[in-house]
Protein chains: 4
Amino acid sequence: MVPRLTLDALNAATTAEFVAALEDLFEHTPWVPEAAAAQRPFATVAALHAALMRPVLALPPEGRKALLNRFPDLAGKAARGGTMGAASVSEHAGLGLDRLSEAEFATFERLNAAYRDRFGFPFMICVRRQTRDAVLAAFERRLRHDEATELAAALAELGFITRLRLVERVDGPGAPATAGRLSTHVLDTLRGRGAAGLRVELFEVGGSARARLAEAVTNAEGRTDAPLLGGAPLRVGRYELVFHLGAYYAAAGVALPRQPFLDEVPIRFGIDEPEGHYHVPLVASPWTYTTYRGS
Amino acid sequence: MVPRLTLDALNAATTAEFVAALEDLFEHTPWVPEAAAAQRPFATVAALHAALMRPVLALPPEGRKALLNRFPDLAGKAARGGTMGAASVSEHAGLGLDRLSEAEFATFERLNAAYRDRFGFPFMICVRRQTRDAVLAAFERRLRHDEATELAAALAELGFITRLRLVERVDGPGAPATAGRLSTHVLDTLRGRGAAGLRVELFEVGGSARARLAEAVTNAEGRTDAPLLGGAPLRVGRYELVFHLGAYYAAAGVALPRQPFLDEVPIRFGIDEPEGHYHVPLVASPWTYTTYRGS
Amino acid sequence: MVPRLTLDALNAATTAEFVAALEDLFEHTPWVPEAAAAQRPFATVAALHAALMRPVLALPPEGRKALLNRFPDLAGKAARGGTMGAASVSEHAGLGLDRLSEAEFATFERLNAAYRDRFGFPFMICVRRQTRDAVLAAFERRLRHDEATELAAALAELGFITRLRLVERVDGPGAPATAGRLSTHVLDTLRGRGAAGLRVELFEVGGSARARLAEAVTNAEGRTDAPLLGGAPLRVGRYELVFHLGAYYAAAGVALPRQPFLDEVPIRFGIDEPEGHYHVPLVASPWTYTTYRGS
Amino acid sequence: MVPRLTLDALNAATTAEFVAALEDLFEHTPWVPEAAAAQRPFATVAALHAALMRPVLALPPEGRKALLNRFPDLAGKAARGGTMGAASVSEHAGLGLDRLSEAEFATFERLNAAYRDRFGFPFMICVRRQTRDAVLAAFERRLRHDEATELAAALAELGFITRLRLVERVDGPGAPATAGRLSTHVLDTLRGRGAAGLRVELFEVGGSARARLAEAVTNAEGRTDAPLLGGAPLRVGRYELVFHLGAYYAAAGVALPRQPFLDEVPIRFGIDEPEGHYHVPLVASPWTYTTYRGS
């Protein structure tokens, strides 16, 4: 585990120390932090990130490709063979890309090969902002890009990757926003107040599987004490909230049909903005409900 | 297949003809129609059914049990062995009780035995008003009844069974309502009109399985041309409507996020009144929806 | 009162009879029906109307103006002096243009004069499709038109006026749709069914006044037995439905705060399509409601 | 203006100082604070208030009446004649009871006289928790009470009055909650986010008049920067929020009918809990809206 640094320390460091501290953000490319070092001091972490990206964005196409080629294939042999950088290792693990079945590994191998064949560099994607389904959909979609479009897409992803790595490495003011948030709120319209004690579950709804991500019980206000997701980018993908409305009204002594009209209420929704706030409330009686993307 | 009769013909028939025509409603119990024959003429089919039930409801407990014992076990050996009455055969088939796996057959055998042990007569339930899950839930629930409560429950089911059989046998005015209805309606609140061309699917959501029951595309008004379910009792159970809202708005050229907030919208609901009208509309934009039990 | 004719009779009439029967539709302009007479027989009333409009739409600008000049000023001296055609008299009366205060009369005189000055013909508007506020707003808006735009607008109104006059004069198949409809429906989401016995009032919400147009009590389904408005064009304007929700829930024995959260629920809405169907439902509990333009 | 005190200072004061500081809370009744003084120190302002009320609640009926008789008639001659205590003067002014028309003054005189005749003490009500309509409704309702019920009601109001006076007089921990809050939030369901820049007006909807209490424009989140009402008890009464939805969508460039379906959206609601939080959101597109009591 690399120790956290402060922006002040980086501003005060020698160029050699500065480069040593940051070269692994770009998979051990010392010239990137070297080019940024001269622009110190940085007032904010966001300004430091912009300074690191500037020489990269100024590269001609061949230089960009060379830099991208320093990164490992997604879920590729490097991941399996243990030759990948530490940051990449941890990022892969979050999505379970280190635990693929043989068939899934083969799918990634096929897509990686097709992509490399087409563009001459590995597929870049900030996996911490994606569900596995979204990674696969992006792979298919971006394989149809022309080279200029795809180089731009790859550099945008490089920006997301290094921004996250930087925020975790360096403490200081003005960190770029990298965390999203998913929250909910249940209103009981039978009684005109927040629904307290109602169980809520959150699932990721993947193409092939369904994983429970969180469970909470609403507090006296009808909210959950903590956001259902937060503190990190939300992963682009499909989700489902399940509100245990029938059990809530039964516990409140409300007379319901033996087979209640509403019981477990599923709200299926997509997340498209990893750094966004998704507020997905439920306004419900035993016979109706409304949901919406709130804020 | 027994030919349909008319109420007029039954009113004009000899007692012997009347008994012959109706005795199989109660699994070949001639004294039931015999007792009713003297009360002719009947103005409505409902009055005829009431007259048939009257002598049954007047029986002392032992007489009720004897009558109930004429009926086969639910999904039992008679069903497998081919010794069941024609009406019972067809009713069993509708719920798939004639196609049970070995494990399911064993479950029914166990419940039938426990029920007979406890009450001394076979479990009566109008299977055409139930999903398989609801039948099993009713079995468990009614096994906890005391005898008097359960005899009343069994006779109520006998009434539902024979009412349905009678309505299918006899044409005439004043038939009792035996059909329920499930309908929907989709309102596009982005444009303030019915959503035309939106695909809707209906599933039964069972404890162990999910079966698609119907599929429809909304018409110019945002309704389906025919009810999703109708013309027969609705089966008590859990259902899910899936509205293909994302595809609808995408086809309309509405700009949506790559991962739309709302795409396939599931509405899960219970049906508790087999002869009721369940209107389950969706009032939706790409960012919100409301549903309710309408009428 | 002019007697109603049939399309068959008009198709069989002599040209002179045909002209005599229809010349007052265009304020006693015999050449309009004369030009249409030769195209008989007409299969539908709509085809007859189209044939009557064809020679009018073929006129050069000066001819159009001459025809328009046969019509009286809106709420003008002819209306007061009793020199207006019978159809115009009745149309004026419907909007209360025959009962203007002195100040209102002066406003119309001013607008009529400004309009005539600008365009050289009187302001045409199908008053039966408008509230008084909408007429005044149209006056102001159309005074800013250039001549070509306004001539087109005036002829469109002439079409609306004569279409209505024709539909009332002639019975026959294929009458053009001239009636709109306003309906409502109240859903009780406390109990999951239509709200029966709930009082609803409909108001026109004018710039300077508020007039009650209709009152109804919902039936067992939560609907009103008849549409709140119908059988004629809806008048473009602003309206308000007031639902007596507090009284409804109080009568149902629902415990409400002494000062109920929801009591008289106003829904204010605009009508823009005189021949459209406006369905404006209320889906409500004592603590929430939803409304929408339905169909 | 009486200077504010601290709970610490009151705990440390001599009995005479303590009595002098608080005797006017009960319209110059020194024995009330005297009885409470011995129970010092008080940990919270709420505990101090409870200690002040204790001797009052222990009085026999005649003692209660004598105490109540120290208070002036509501909107009565004392108010006009300038002989009322300073706290009462300020409380009266808040509701406009010092600016009544002759007819209104006569109504209050009539009600005061009827009440005194019936109960032998003046009508007590914490006017800062009431609209004028609510005061009049309470007057009529409480005139029908029996004496025991009404004495209890009068003492409850005395508690509300003195609690408010105490909270304004004394700084310290544990002040009882005396402030309510009214807030709103507008969600734009056409675009799935808070509606920014939407004008909202708040009116009190009285029996005879309509007064605008507040106006605000929503911020980037769709909320108002400050609550619409807050920092004091909410007044029991009827209110109306008017949301300028048509102008909002027009400014956003959304194509609307010339006469928009939704333009100024009124939400009429009652406030019954002066210390409660009323959150009244609007979830709206140009064709639908939902509101509810939130939290």
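Rules used throughout
- What you see as residue numbers is a count from 1 along each chain, following the sequence as written.
- Note on labels: chains are lettered from A, ligands numbered from 1, in written order.
- Owing to the predicted nature of the model, reporting of local features is limited to residues with pLDDT of at least 70; listing and counting of side-chain atom pairs is limited to 80 or more, with chain, interface and lining totals taken over all residues.
- Heavy atoms from the whole structure form the basis of all side-chain values; hydrogens and water molecules are not counted.
- Secondary structure elements are defined from DSSP: runs of H or I of at least 4 residues count as helices, runs of E of at least 2 residues count as strands, and each element is numbered from the N terminus.
- The classification of residues rests on relative accessible area computed with a 1.4 Å probe and restricted to protein chains. Under 20% of the type maximum is buried, over 50% is exposed, and intermediate values are partly exposed.
- The accessible surface values rely on the Shrake-Rupley method and a 1.4 Å probe; as for residues, cover is taken only from the protein chains in view.
- Charge assignment: positive for Lys and Arg, negative for Asp and Glu; neither His nor the chain ends contribute.
- All charge positions are set by atom: Lys at NZ, Arg at CZ, Asp at CG, Glu at CD.
- Axis definition: a line fitted to C-alpha atoms, over the contacting stretch in the case of helices. Angles run 0 to 180 degrees between N-to-C directions.
- Angles are sorted into four bins: roughly parallel if under 35 degrees, roughly antiparallel if over 145, roughly perpendicular if 65 to 115, and oblique for all others.
- Each crossing is labelled by how the near helix is turned from the far one, with a counterclockwise turn of less than a right angle marking it left-handed and a clockwise turn marking it right-handed.
- Every residue pair with non-hydrogen atoms within 4.5 Å of one another is taken to be in contact.
- We count a salt bridge whenever a side-chain nitrogen from Lys or Arg sits within 4 Å of a carboxyl oxygen from Asp or Glu.
- Note that domain bounds follow an automatic or database assignment of domains.
- Defined here as a combined quantity, buried area equals the accessible surface (1.4 Å probe) lost by two parts on assembly, summed across both.
- Pairs of N or O atoms are called polar contacts if they sit within 3.5 Å, as long as, within protein, a hydrogen donor faces a hydrogen acceptor (for residues adjacent in sequence, only side-chain-to-side-chain pairs).
- Throughout, the ten residues Ala, Val, Leu, Ile, Met, Phe, Trp, Tyr, Cys and Pro are labelled nonpolar, Asp, Glu, Lys and Arg are labelled charged, and all others, Gly among them, are labelled polar.
- Strands pair, by our definition, only if DSSP identifies at least two bridges between them.

Enquirer: Hey, could you run me through the overall build of chain A in this one?
Expert: A count of helices and strands for chain A gives 11 helices and 13 strands. C-alpha atoms of chain A, sized along the principal axes, occupy 70 × 45 × 30 Å. In chain A, which comprises 295 residues, the share counted as buried stands at 55%. Accessible surface, chain A: about 12,000 Å² in total, of which carbon and sulfur atoms supply 54%. The positive charge centre, built from 33 side chains, and the negative charge centre, built from 34, are 3 Å apart in chain A.

Enquirer: Before we go on, may I ask you to explain the packing of helix H8 (residues 102–119) of chain C against helix H9 (residues 132–142) of chain C in this structure?
Expert: How two helices sit against one another is set out by the angle between their axes and by the gap between those axes. Residues and elements named next belong to chain C. Across the interface, H8 lies against H9 with an axial gap of 10 Å and an inter-helix angle of 30 degrees. Taken together, H8 and H9 sit at an angle that is classed as roughly parallel. Seen from above, H8 lies across H9 with left-handed handedness. Along the contact surface, H8 presents Glu104, Thr107, Phe108, Arg110, Leu111, Asn112, Tyr115 and Phe119, while H9 presents Arg132, Val135, Leu136, Phe139, Glu140 and Arg142.

Enquirer: What am I meant to see in the pattern of salt bridges here?
Expert: In the structure shown here, the tally under the stated rule is 80 salt bridges over all chains. Residues B:Arg223 and B:Glu221 are paired through a salt bridge, measuring 3.2 Å at the closest nitrogen-oxygen approach. What makes B:Glu221 partly exposed here is its relative accessible area of 39%. Close ionic contact of C:Glu150 with C:Arg142 constitutes a salt bridge, the shortest N to O distance being 2.8 Å. Residue C:Glu150 is classed as buried on the basis of its relative accessible area, which comes to 0%. Here the salt bridges share partners, and the residues they tie into one network are A:Arg199, A:Glu201, A:Arg212 and A:Glu215.

Enquirer: Looking at this model, I keep getting lost on the domain arrangement of chain A. Mind explaining?
Expert: Interfaces are often sized by the amount of accessible area the parts lose when they come together. All names here are of chain A. Each domain of chain A was delimited in the assignment, giving domain 1 (5–171) and domain 2 (180–291). The straight-line distance from the C-alpha centre of domain 1 to that of domain 2 is 35 Å. Summed over both sides, the interface between domain 1 and domain 2 buries roughly 840 Å², with carbon and sulfur atoms accounting for 46% of that surface. The largest per-residue losses of area from domain 1 upon contact with domain 2 belong to Arg129, Thr131 and Asp133, which jointly make up 56% of the total buried on that side. Where domain 1 touches domain 2, the interface holds two salt bridges. A salt bridge links Arg163 to Glu275; the nearest nitrogen and oxygen atoms lie 3.3 Å apart. The tally of links between domain 1 and domain 2 comes to six residue pairs in polar contact (both at pLDDT 80 or more). Among the elements of the structure, helix H9 (132–142) and helix H10 (147–169) are those that each provide at least two residues to the side of domain 1 that touches domain 2. Broken down by class, the residue content of the side of domain 1 that touches domain 2 amounts to four nonpolar, three polar and four charged.

Enquirer: I'm lost on the pairing of strand S9 (residues 237–244) of chain D in this one. Help?
Expert: Residues in a regular strand point their side chains to alternate faces of the sheet. Residue and element names in this part refer to chain D. For S9, the buried fraction is high: eight of the eight residues fall into the buried class. Residues Gly237, Tyr239, Leu241 and Phe243 line one face of S9 and the alternating positions Arg238, Glu240, Val242 and His244 line the opposite face, and both faces are buried. Direction of pairing for strand S6 (residues 199–205) relative to S9: antiparallel, over a ladder of five bridges. Residue pairing across strands places Glu201 opposite Val242, the latter belonging to S9. Pairing between S9 and strand S10 (residues 264–271): eight bridges, direction antiparallel. Bridged to Gly237 within S10 is Ile271.

Enquirer: Would you mind showing me how to read the interface of chain C and chain A here?
Expert: Counting residues at the interface gives nine residues for chain C and nine residues for chain A. Taking both sides of the interface into account, the surface hidden between chain C and chain A amounts to around 650 Å²; carbon and sulfur atoms contribute 61%. Taken as a group, C:Thr189, C:Leu190 and C:Trp287 account for 61% of the area that chain C buries against chain A, more than any other trio of residues on that side. At the surface where chain C touches chain A, the tally comes to zero salt bridges. Here chain C and chain A share two residue pairs in polar contact (both at pLDDT 80 or more) between them. Mapped onto the side of chain C that touches chain A, the elements with two or more residues apiece are strand S12 (282–285) and strand S13 (288–292) of chain C. Of the residues that constitute the side of chain C that touches chain A, the class distribution is three nonpolar, five polar and one charged.

Enquirer: Please explain the packing of helix H4 (residues 45–57) of chain C against helix H10 (residues 147–169) of chain C as it appears in this structure.
Expert: Residue and element names in this part refer to chain C. At a minimum axis distance of 10 Å, the contact between H4 and H10 shows a crossing angle of 145 degrees. Pair H4 / H10 crosses with right-handed handedness. Facing H4, whose interface residues are Val45, Leu48, His49, Leu52, Met53, Val56 and Leu57, H10 presents Leu155, Leu158, Gly159, Thr162, Arg163 and Leu166. Here the contact of H4 with H10 is composed, by residue class, of nine nonpolar, three polar and one charged.

Enquirer: I would appreciate a short explanation of the interface of chain A and chain B in the present structure.
Expert: On the chain B side, the residues contacting the 29 residues of chain A number 29 residues. Buried surface at the junction of chain A and chain B, summed over both partners, amounts to about 2,600 Å²; 51% is from carbon and sulfur atoms. Of all residues in chain A, A:Gln259, A:Phe261 and A:Arg268 bury the most surface against chain B, accounting for 27% of the area lost on that side. Where chain A meets chain B, there are zero salt bridges. At the boundary of chain A with chain B, the tally comes to 15 residue pairs in polar contact (both at pLDDT 80 or more). Elements represented by at least two residues in the side of chain A that touches chain B include exactly strand S9 (237–244), strand S10 (264–271) and strand S13 (288–292) of chain A. With seven residues, S10(A) is the single largest residue contributor to the side of chain A that touches chain B. Of the residues assigned to the side of chain A that touches chain B, the class counts are 14 nonpolar, six polar and nine charged.

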